[in-house]
Number of protein chains: 2
Amino acid sequence: MAEPRTRREQIVSAALDLLADAGPDGVTMRAVAARIGIKAPSLYKHFPDKDELETALIAEGFRQMAAVFTTAVEGSPDPLGSLATAYRRWATEHPHLYRLMTHKPLRRDLLPEGLEASAALPLVRAVGGNPDLARAAWALAHGLTSLELANRFPPDADIDAAWRTGIAALQAR
Amino acid sequence: MAEPRTRREQIVSAALDLLADAGPDGVTMRAVAARIGIKAPSLYKHFPDKDELETALIAEGFRQMAAVFTTAVEGSPDPLGSLATAYRRWATEHPHLYRLMTHKPLRRDLLPEGLEASAALPLVRAVGGNPDLARAAWALAHGLTSLELANRFPPDADIDAAWRTGIAALQAR
DNA sequence: AGTCTGGGCTAACAACGTTAGCCTTGTCAA
DNA sequence: TTGACAAGGCTAACGTTGTTAGCCCAGACT
């Protein structure tokens, strides 16, 4: 995250750090507050509740994804392939944030307008604008990622091969 | 779930009911206990902690999935298509249980041996034994399901079409 | 000079998972 | 028949969590 300037940004930044190195259970209001040297109830001067703080983390995740995916696609000879690599890479580098972003219904009303779309745009472009194909590709990527993060594949599974097989199939359309 | 006979089965059954109609937050040790007329601490005579109770719910989910998928595939002219339909159907009929089963690392050590494999077998058969293809298909199904349950597709999205597109692509392999 | 307001604080609450320790009931051995 | 023991209830309580109420201080503006 970029230099936190406002107190609100400091809080988000502290929560992101905590999420990254202690997992979702580590992100308690008291722990977040402590990390910036205040007490838990003071957080409520900046966020109405924990849900909105979490949504702010999710928004930051989307911002990062949008940036990473955009640069992954631009000028690539194989946009879908590059995107797939970038997707898996980002998710495995931010496993807890990725899960937070995807595992429950999104409070879209609390998210900046257009943010979600801007993270999705590179993919829509990469598949040539076919929305059904884009959704299938997204689902494939999310499914592979989610199953990998949840340790669902056996230890001897060749996850790269599963990605290649799936992407190649969709690419042929 | 079949007729709960032992106390342990009663507990699992009560927890499943609670999960289905009050969601994950509704499944508290106190609420589960109350539903069968006992107090929360008594649950600990049957399960060492809430984690193991949850794993018992997950095991029941796998049992149901294995049964449903097996009958969906057998004798079908289009095994993969039937399986896809059955998968989506089961998940949307048991959204909370589905999420519980998939959203975090699995305590395999607490699961009956072979149970996970028996739920996966119909799929492996349906794709002709290619493990990479099976994993891609599983990921596609899980991704589509998970995104649908988390309300990730816009209201005007044609989710059926996304399923058809994805499955057709994999089928062509 | 007086008045807001932003943003900290302490104390406290209810709900949660969990533990300690007690008591009753039925089974079975001596 | 009696006594031991295990299974399975119970109450009381603890620490942690999100959250609220209510107080207070500092700076900005009228």
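Source: prediction; values computed, not measured.

Chemist: Quick question: what am I supposed to make of the relation of the copies chain A and chain B here?
Modeler: Superposition of the two copies of the chain requires a rotation about an axis and a shift along the axis. Take chain A, turn it by 180°, move it 0.0 Å along the axis, and it overlays chain B with an RMSD of 0.0 Å. The two molecules are tied by a two-fold rotation axis, judged by turn and shift.

Chemist: For this particular structure, what's the right way to read the protein's contact with DNA strand D?
Modeler: Near DNA strand D you find 17 residues, and of these R30, Y44 and K50 of chain A together with R7 and K39 of chain B are the closest. Within 4 Å of the protein, atoms of DNA strand D come from sugar and phosphate in 47% of cases. Here a phosphate oxygen of DNA strand D sits 2.8 Å away from a polar atom, N or O, in the side chain of K50 of chain A. For the surface near DNA strand D, the secondary structure elements donating two or more residues are α2 (29-35) of chain A together with α3 (40-43) of chain B. Of the residues contributing to the surface near DNA strand D, the split by class is six nonpolar, four polar and seven charged.

Chemist: What am I meant to see in the domain arrangement of chain A here?
Modeler: Many analyses report the size of an interface as the accessible area lost when the parts associate. All names here are of chain A. Here chain A is described as being made up of domain 1 (1-47) and domain 2 (59-171). Opposite the six residues of domain 1 that make contact, domain 2 presents five residues. In this assembly, domain 1 packs against domain 2 so that about 440 Å² is buried in total across both faces, 77% of it on carbon and sulfur atoms. Along the contact surface separating domain 1 from domain 2 lie zero salt bridges. Applying the counting criterion to the domain 1 and domain 2 interface returns zero residue pairs in polar contact (both at pLDDT 80 or more). Partitioning the side of domain 1 that touches domain 2 into residue classes produces five nonpolar, one polar and no charged.

Chemist: What am I meant to see in unusual backbone geometry here?
Modeler: Even without a glycine there, the phi angle at N151 of chain A is positive, about 60°. Note on placement: N151 of chain A falls in the loop between α8 (131-149) and α9 (159-171).

Chemist: I would appreciate a short explanation of the packing of aromatic side chains in the present structure.
Modeler: Pairs of aromatic rings are described using the distance from one ring centre to the other and the angle between the two planes. All names here are of chain A. If you walk through the whole model with that rule in mind, you get six aromatic pairs over all chains. A centroid spacing of 5.6 Å and a plane angle of 20° characterise the contact between F69 and Y87, whose relative ring orientation is stacked. Note that F69 is positioned in helix α4 (residues 50-73) and Y87 in helix α5 (residues 79-93), a separation of 18 residues in sequence. By the burial criterion, F69 is buried, and Y87 matches it. Through a chain of ring-to-ring contacts, the aromatic side chains of F69, Y87 and Y98 assemble into a single cluster.

Chemist: Could you clarify how one ought to interpret the interface of chain A and chain B in this entry?
Modeler: Counting from both sides, the interface comprises 38 residues of chain A and, opposite them, 38 residues of chain B. Of the roughly 3100 Å² buried between chain A and chain B, counting both surfaces, carbon and sulfur atoms make up 62%. Where chain A touches chain B, the interface holds zero salt bridges. Joining chain A to chain B, the criterion identifies 10 residue pairs in polar contact (both at pLDDT 80 or more).

Chemist: How should I be thinking about the protein's contact with DNA strand C in this particular structure?
Modeler: Near DNA strand C there are 17 residues, and of these R7, K39 and H46 of chain A together with R30 and K50 of chain B occur at the shortest range. For DNA strand C, the backbone makes up 48% of the atoms found within 4 Å of the protein, where backbone means sugar plus phosphate. At 2.7 Å from a phosphate oxygen of DNA strand C is found a side-chain nitrogen or oxygen belonging to R7 of chain A. Interatomic distance of 2.8 Å between a side-chain N/O atom of H46 of chain A and a phosphate oxygen of DNA strand C. Mapped onto the surface near DNA strand C, the elements with two or more residues apiece are α3 (40-43) of chain A together with α2 (29-35) of chain B. The class makeup of the residues in the surface near DNA strand C is six nonpolar, four polar and seven charged.

Reading the values: rules and limits
Residues numbered from 1 in each chain as written. Chains lettered and ligands numbered in written order. Predicted model: local features only at pLDDT ≥ 70, side-chain atom pairs only at ≥ 80, totals over all residues. Heavy atoms only, no water. Least-squares fit on C-alpha atoms with pLDDT ≥ 70 in both. Near = heavy atom within 4 Å. Polar contact = N/O pair within 3.5 Å; in protein donor to acceptor, adjacent residues only side chain to side chain. Helix = DSSP H or I, 4+ residues; strand = E, 2+ residues; numbered from the N terminus. Nonpolar A, V, L, I, M, F, W, Y, C, P; charged D, E, K, R; others polar. Domains from an automatic or database assignment. Contact = heavy atoms within 4.5 Å. Buried area = accessible area lost by both parts, 1.4 Å probe. Salt bridge = Lys/Arg side-chain N within 4 Å of Asp/Glu carboxyl O. Phe/Tyr/Trp six-rings, centres within 6.5 Å; stacked < 30°, edge-to-face > 60°. Buried < 20%, exposed > 50% of the residue type's maximum accessible area, 1.4 Å probe, protein only.

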